[in-house]
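Coordinate analysis (summary)
Single-letter residue listing:
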Number of protein chains: 2
Amino acid sequence: MQYYQDGFRGGKPDLKNAADTRREYAPNAMLPEKVDVLIAGTGPAGLCLAAQLSQFPEFSTMIVEPSPMNIQKGKADGINTRTMEMFQAFGFADAVKREAYWVNQTNFWTPDPENPKNIKRIGRVQDVSDDSSEMPHIIVNQSRIHQWFLEVMANSPTRMQPDYNWSVETLTVDPTTDDHPVTVTLVNTGVNKGQKKLVRANYVVGCDGARSNVRTAIGGELHGDAAHQAWGVMDILANTDFPDVRQKCLISSATEGNVLILPREGGYLFRMYVELDKLKEDERVANRNFTQEDTIAAANRIMHPYTIDVKEVVWWSVYEIGHRMTDRFDDVPDEERATRNPRVFTAGDACHTHSPKAGQGMNVSMQDTFNLGWKLAHVLRGYSDPSLLHTYSKERWTEAKRLVETDHQWARIMSAPPGTSELDKGEEPRFVRAFKENLEFTGGLAVKYDESILTGNQDNQALATGEEVGRRFHSAPVVRLADAKQMQLGHAAEADTRWRIYAFAGSADTSESSAIHTLADWLEKDANSPVVQYTKAGQDIDSVIDFRAVFQQTFDQLNYENMPSLLIPKKGRLGIQDHEKVFCVDHKGLGDIYDMRGINREQGCMIVVRPDQYIAQVLPLNATAELTKFFGNIFVK
Amino acid sequence: MQYYQDGFRGGKPDLKNAADTRREYAPNAMLPEKVDVLIAGTGPAGLCLAAQLSQFPEFSTMIVEPSPMNIQKGKADGINTRTMEMFQAFGFADAVKREAYWVNQTNFWTPDPENPKNIKRIGRVQDVSDDSSEMPHIIVNQSRIHQWFLEVMANSPTRMQPDYNWSVETLTVDPTTDDHPVTVTLVNTGVNKGQKKLVRANYVVGCDGARSNVRTAIGGELHGDAAHQAWGVMDILANTDFPDVRQKCLISSATEGNVLILPREGGYLFRMYVELDKLKEDERVANRNFTQEDTIAAANRIMHPYTIDVKEVVWWSVYEIGHRMTDRFDDVPDEERATRNPRVFTAGDACHTHSPKAGQGMNVSMQDTFNLGWKLAHVLRGYSDPSLLHTYSKERWTEAKRLVETDHQWARIMSAPPGTSELDKGEEPRFVRAFKENLEFTGGLAVKYDESILTGNQDNQALATGEEVGRRFHSAPVVRLADAKQMQLGHAAEADTRWRIYAFAGSADTSESSAIHTLADWLEKDANSPVVQYTKAGQDIDSVIDFRAVFQQTFDQLNYENMPSLLIPKKGRLGIQDHEKVFCVDHKGLGDIYDMRGINREQGCMIVVRPDQYIAQVLPLNATAELTKFFGNIFVK
């Protein structure tokens, strides 16, 4: 964690200096009449976006929510490893790790062939494969996720807070102006219920859920699987003789249906999903009247011979969810892409919904707005042309489509009771095999953006075989040269909308002379360098592109003082030196990043990483022309 | 982290349910007239004690402080590994790890033999030896440590806050009564400056620093080294070409004196100690008038050929400190030990002071009150006879004495410039060697309490050679059976004043039948069991003694459902099962706890650990009579 760059200030380092231009959030303060960005909805998608944009007092962001306050309990609870990597960039992954339940194993139970009335454990799978991510797969109350984002906002220079009790009713876009062309009608849901208010915005993002008014206003419709799956879900405090109650379990009974167990934070609480359309026919018909007691009774029947003695039902619901999505995630029909830029976006459930079984919904919603956030910030800070915003719908729609397809397939496999024949043969049952094959997907790690202005081609992929262009930058252990601290290289990245270039030195490179020195000097001084071209006067030299280097030596074999000046830049109000840009190979047994990520030892390489942690380019260290060209397509002078 | 035991409640899990009996801390609320414990001073010692006692609404605790608020900047900053282990028990070690500077290496610089005007690096030492602790040695602003303790207090059932602007002026003890026998005179230091107020207390703890009024009131005097060492110390934001500025450095120049560099949190700030009595004579005489500019100039001369360009002096001071201590840490003269129990205690600087060079002061102060806290809680909750409180002065005085002696020796070694002869011989210089030899001491890991009613003998030490009786329980990696989570066994301990018994199974033991089953059954049911004897009606079965077990198998080789009931107890308002008491050997390469801690594989053993994490006993698994006897000396029925 870096702080005090502009001088010492006591207290919590997460609390940033407040901007003079920040809005007043006092109880009776007026709502703004114009904002740059208006976000509808304080779910995971909306808050993830607000937390990013709250860092920038140069433009104004407002987030509205019909509810009077943050939720106390939420439907979603699973956080995959990819999302944890993103939380690390927001600074609260450590807090989540401490509070949350860690999914270490997933267990499979099916009818005991010798006595099919009983269930029996048939397999265990390590839930997070070794070195698939440095982060755990965790489960925690959705409301806590909201709170952590709300804290990031409250600590930001803008001290942003949601405007509760306001709902986006509708909006219109005036295509003839660039001055706040979106007129949003807000309606009060609180003490002045029904009162309307117009707010003009440059951009509107609908994170307002499956019944999104923003989506409706831009003519979007959810299409897809009409055959809804109905689930009874309950969060309970209960005693049981079922031995795996603190592990994630997929349980299929012979005749009574299926149950999914998800242990929850705090050591006692757990969630049970009871699949209602797998219940007996008479119960299925009664789905709509299915009670809490029915769910508990069904769970007990399915889990026979084990019993569940419920002490407190914390939350209970029957819900139906299909796989559905809209045709696009912004307000621009395909035929108009060439002639106008988007002004309105949708994210999360507003544009795609999923089965809860793979635990993807909340994760993919946050990843939507983590993709959109830096793009909006680039445009609103004058870094990029507004046409950059087309890439949001393109990238995330394609990804949502893949997700819906995989998830659909997956949900069917998980719901199909395993044939006894498979068990008899002693083979690994199909759903265990499918679960293992899908771990990368359920971890959120399978996302791969197609080649575009933001994502390069595979020409130099051989230089870093474990860091695939289009996929998320995969962290690995390193040691920081200046202070010999063991850390994860990926944790150098913060949710600050900066681009990063990680340069890996070749085997002949030293602290005295290296291709990295040449590259650093070019980046710092050459007229064609993107750092020179796009860093504005008065900004720190790493404000736009953050250049870091990794050497093959251990920390005691390099001379820190001989590093190129771009790697030891002087920054901030005081012009003091940043010591956290140069890394070495770990010397304490955690592994060699070159080996772990397939970095070419002889030549080294550079990896250009987008602000959302996805790999834009793998390039040779001398590929300066390619850097000029690549960033020239994204930034404007 | 375990929570929701008494039912679900949203929000931050660190915030505990408030006790009905909690004090009102509103601005104009009256001060109490009687309290059970009055703590003087909100430094590290006072706050560490208050944070513990705040958990118990059964008795009342008050902490007063002459200052109007928490400090913004502090003199102390080093937190050794032992203290970090304690912070883990308080729940804030993760937060500290995230914010703090980690001391990974300590480097040594001396005059370059070829050009003695220049300094040259002659050695590097890994600062925390492998497996000496699972925690890092860190450096962070003392005021942040205070804030973390204040948060623990604010989150506690009593919602405790300091009473600022009140100083303990003096106190008297009435030996004829047990009803709040200590009368304390508080004097206001705020808006009603000079106003006095009497508060009656059962116990008073003076954590009021080197000029302690509490110490004076009980006739204590600091004795010791009159030859004070004077230091110029500054926390600075500065640029330098000195390559090791982000590592701890001990620097000796040939003729200009010595400097100690301590990097600080945030990546930019660092502290420099300039030893003033090693400066040239004319400067030494002028010590008292030594300015900030003089300190900077001296540092630059010592570090030649490197230079320091100071951008901001965050804090600057000249201070003198000797090695001094009082004859006892309570109000009972030795000749009266048999006839009366202590009512007044001192802790931290109030009873012992140290050189800052080994970074011990703040650590040992907190360890004082971590020793005292559980003892006071035991007495005030009726668990133990008040005579238990004699052990505080005995244990901590002996430890402070050892510390002063080692520290004294150490400070002299570190101040003596190394002879060139040593360097010429190519041998490791004496101060590097001494530094290495002292790492266990500076880590706070050398503390060993003598045999007493609280600490057993070495009779069974061979059963656990790496867990020495009298020393702190040394954590190691395990996997929790119920959820297969990799964790540190030592992190099962919280700062909750409970005793812990860790039972290690022998090689023949299984989840179906083991010496642990026998022991657990005895502990749960036998009339001579300390659990049976000292757990009160209505309390959870692990409220007084928390029994946990470790097996030699991996998690997938044991049947959780067959564990004895004491290891899967039902607890809390709802009577729900605790799943966090049974552990296995790590299966993922972090090491085998039996090997790492020298646990006898064939027989196993049990380790009784005090509430302050020190090992009270190592015993065979069948040593029930010894348990009865041991706890019989500590608890009353």
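Residues numbered from 1 in each chain as written. Chains lettered and ligands numbered in written order. Predicted model: local features only at pLDDT ≥ 70, side-chain atom pairs only at ≥ 80, totals over all residues. Heavy atoms only, no water.

Some details on the overall build of chain A
Check the secondary structure of chain A and you find 16 helices and 29 strands. Against the compact-globule benchmark of 26 Å for 637 residues, chain A has a radius of gyration of 26 Å, which places it among compact chains. In terms of its C-alpha atoms, chain A occupies a principal-axis envelope of roughly 75 × 60 × 50 Å. Look at the contacts in chain A between residues 6 or more apart in sequence, and 72% of them connect residues 24 or more apart. A total accessible area of about 23,200 Å² is found for chain A, and carbon and sulfur atoms account for 47% of it. In chain A, the 70 positive side-chain charges and the 87 negative ones have mean positions that sit 3 Å from each other. (Helix = DSSP H or I, 4+ residues; strand = E, 2+ residues; numbered from the N terminus. Rg over C-alpha atoms; globule rule 2.2 N^0.38 Å. Contact = heavy atoms within 4.5 Å. Areas by Shrake-Rupley, 256 points an atom, 1.4 Å probe, with all protein chains shown as cover. Lys, Arg positive; Asp, Glu negative; His and termini not counted. Charge placed at Lys NZ, Arg CZ, Asp CG, Glu CD.)

Some points on the pattern of salt bridges
By the definition in use, this model includes 100 salt bridges over all chains. With its nearest N and O atoms 3.3 Å apart, the salt bridge here joins K12 of chain A to E151 of chain B. Note that K12 of chain A is positioned in the segment before β1 (34–40) and E151 of chain B in helix α4 (residues 142–155), a pairing that runs across two chains. Assessed through its relative accessible area of 45%, K12 of chain A is described here as partly exposed. The closest approach of N and O atoms between K448 of chain B and E468 of chain B, which form a salt bridge, is 3.0 Å. (Salt bridge = Lys/Arg side-chain N within 4 Å of Asp/Glu carboxyl O. Buried < 20%, exposed > 50% of the residue type's maximum accessible area, 1.4 Å probe, protein only.)

As for the confidence of the model for chain A
Taken as a whole, chain A shows an average pLDDT of 93; of its residues, 95% reach a score of 70 or greater. Listed scores for the predicted complex are pTM 0.96 and ipTM 0.94. (pLDDT = per-residue confidence, 0-100.)

With respect to the relation of the copies chain A and chain B
Under the fitted operation, chain A is carried onto chain B by 0.0 Å of movement along the axis and a turn of 180°, and the coordinates agree to an RMSD of 0.0 Å. Taken together, the rotation and translation relating the two chain copies correspond to the operation of a two-fold axis. The rotation axis passes nearest to the C-alpha of D94 of chain A in chain A, at a distance of 3.4 Å. Both copies present the same face, since 100% of the interface residues in chain A are matched by interface residues at the equivalent positions in chain B. (Least-squares fit on C-alpha atoms with pLDDT ≥ 70 in both.)

Let's talk about the packing of aromatic side chains
A full pass over the atoms with the stated rule returns 57 aromatic pairs over all chains. Every member of this aromatic cluster is reached through a ring pair, and the members are W374, Y383, W499, Y534, F630, F631 and F635 of chain A. When the ring centre of W148 of chain A is taken as reference, the NZ or CZ atom of R144 of chain A above it lies at 4.5 Å. Stacked on the ring of Y203 of chain B, the Lys or Arg R343 of chain B has its end atom at 4.9 Å from the ring centre. (Phe/Tyr/Trp six-rings, centres within 6.5 Å; stacked < 30°, edge-to-face > 60°. Lys NZ or Arg CZ within 6 Å of the ring centre and 35° of its normal.)

As for the environment of H491 of chain A
Residues and elements named next belong to chain A. Mapped onto the fold, H491 is located in the loop between β22 (485–488) and β23 (499–504). On the basis of relative accessibility, which here comes to 25%, the residue H491 falls in the partly exposed class. In this structure the C-alpha to C-alpha distance between H491 and G206, which are 285 residues apart in sequence, comes to 30 Å. Not counting the four nearest positions on each side in its chain, H491 is found in contact with Q88, E134, M135 and S475.

Observations concerning helix α8 (residues 361–380) of chain A
Residue and element names in this part refer to chain A. Along its 20 residues, α8 runs 29 Å from first to last C-alpha, staying within 8% of the 28 Å computed at 1.5 Å per residue. By the criterion of burial, α8 is predominantly enclosed, with 18 of the 20 residues buried. Immediately beyond the C-terminal end of α8, within one or two residues, lies G382, with a positive phi of roughly 80°. (Expected span 1.5 Å × (residues − 1).)

A closer look at the interface of chain A and chain B
With 66 residues of chain A at the interface, the matching set in chain B holds 66 residues. Summing the contributions of chain A and of chain B, the shared interface buries around 6,000 Å²; its carbon and sulfur component is 52%. On the chain A side of the contact with chain B, F8, R98 and Y268 of chain A bury the most area, a combined 14% of that side's loss. Our count for the contact surface shared by chain A and chain B stands at eight salt bridges. (Buried area = accessible area lost by both parts, 1.4 Å probe.)

Overview of the sheet that holds strand β21 (residues 477–480) of chain A
Residue and element names in this part refer to chain A. The seven strands are arranged β22-β21-β27-β24-β23-β28-β29 in an open sheet whose pairing can be described as mixed. Either end of the sheet is taken by a strand with one partner, and the two such strands are β22 and β29 (615–619). Direction aside, neighbouring strands of the sheet carry axes that sit 30° apart on average. Of the strand pairs in this sheet, β23 and strand β24 (residues 545–550) are connected by six bridges, and their pairing is parallel. If you follow R500 over to β24, its bridge partner there is D546. (Pairing = 2+ DSSP bridges. Axes fitted to C-alpha atoms, helices over the stretch in contact; angles between N-to-C directions.)

Focus: the nonpolar core
If you look at the biggest cluster of nonpolar residues, it comprises 121 residues, and the most contacted ones within it are F87, F149 and W499 of chain B. Ranked by the residues each element gives to this core, the list is headed by helix α8 (residues 361–380) of chain B, at nine residues. Discounting residues that sit within four places of it in the chain, F149 of chain B has contacts with P44, L47, C48, A51, M86, F87, F90, F92 and M366 of chain B. Of all hydrophobic cores here, the second largest spans 120 residues; its members include W148, V404, L558 and Y594 of chain A. (Core = buried A, V, L, I, M, F, W, Y, C linked by side-chain atoms within 4.5 Å.)

Things to note about the sheet that holds strand β28 (residues 605–609) of chain B
Residues and elements named next belong to chain B. In spatial order, the strands read β22-β21-β27-β24-β23-β28-β29; together these seven strands make up an open sheet with mixed pairing. Two strands bound the open sheet, and with one partner strand each, they are β22 (486–488) and β29 (615–619). Along the sheet, successive strands turn relative to each other by an average axial angle of 30°, direction set aside. Examined bridge by bridge, strand β21 (residues 477–480) and strand β27 (residues 582–584) share two bridges and lie antiparallel to one another. Bridged to R480 within β27 is F583.

Some details on the side chain of S253 of chain A
All names here are of chain A. Here S253 is to be found in the loop between β14 (248–252) and β15 (258–263). Judged by relative accessible area, which is 8%, S253 ranks as buried. At 2.8 Å, the side chain of S253 forms a polar contact with the backbone oxygen of G257. In contact with S253, other than residues within four places in its own chain, are P111, I119, N258 and I302. (Polar contact = N/O pair within 3.5 Å; in protein donor to acceptor, adjacent residues only side chain to side chain.)

Quick look at the pairing of strand β6 (residues 115–126) of chain B
All names here are of chain B. Both strand β5 (residues 105–112) and β6 contribute to a ladder of eight bridges, which runs antiparallel. From the neighbouring strand, F108 faces β6, where its bridge partner is G123. Connecting the antiparallel pair β5 and β6 is a turn made up of two residues.

Considerations on the packing of helix α2 (residues 81–90) of chain B against α4 of chain B
Residue and element names in this part refer to chain B. Taken N-terminus to C-terminus, the directions of α2 and α4 make an angle of 30°; their axes are 11 Å apart at the nearest point. It follows from the interaxial angle that α2 and α4 lie roughly parallel. In terms of crossing hand, the pair formed by α2 and α4 is left-handed. Side by side, α2 and α4 meet where M86, F87 and F90 of the first sit next to I145, F149 and V152 of the second. Of the residues assigned to the contact of α2 with α4, the class counts are six nonpolar, no polar and no charged. (Parallel < 35°, antiparallel > 145°, perpendicular 65-115°, else oblique. Left-handed = near helix turned anticlockwise from the far one by under 90°. Nonpolar A, V, L, I, M, F, W, Y, C, P; charged D, E, K, R; others polar.)

A short note on the packing of helix α13 (residues 515–525) of chain B against helix α16 (residues 624–632) of chain B
Residue and element names in this part refer to chain B. Contact geometry for α13 and α16: axes closest at 11 Å, N-to-C directions at 40°. Considered as vectors, α13 and α16 are oriented oblique to each other. Where α13 crosses over α16, the handedness of that crossing is right-handed. Across from L519, W522 and L523 in α13, the residues of α16 making contact are T624, L627 and T628. When the residues that make up the contact of α13 with α16 are grouped by side-chain class, the tally is four nonpolar, two polar and no charged.

Quick notes on helix α13 (residues 515–525) of chain A
The complete set of buried residues in α13 of chain A reads I516, H517, L519, A520, W522 and L523 of chain A. Turning to α13 of chain A, the residues buried within the fold contact β23, α14 (530–534), β24, β28 (605–609) and α16 (624–632) of chain A.

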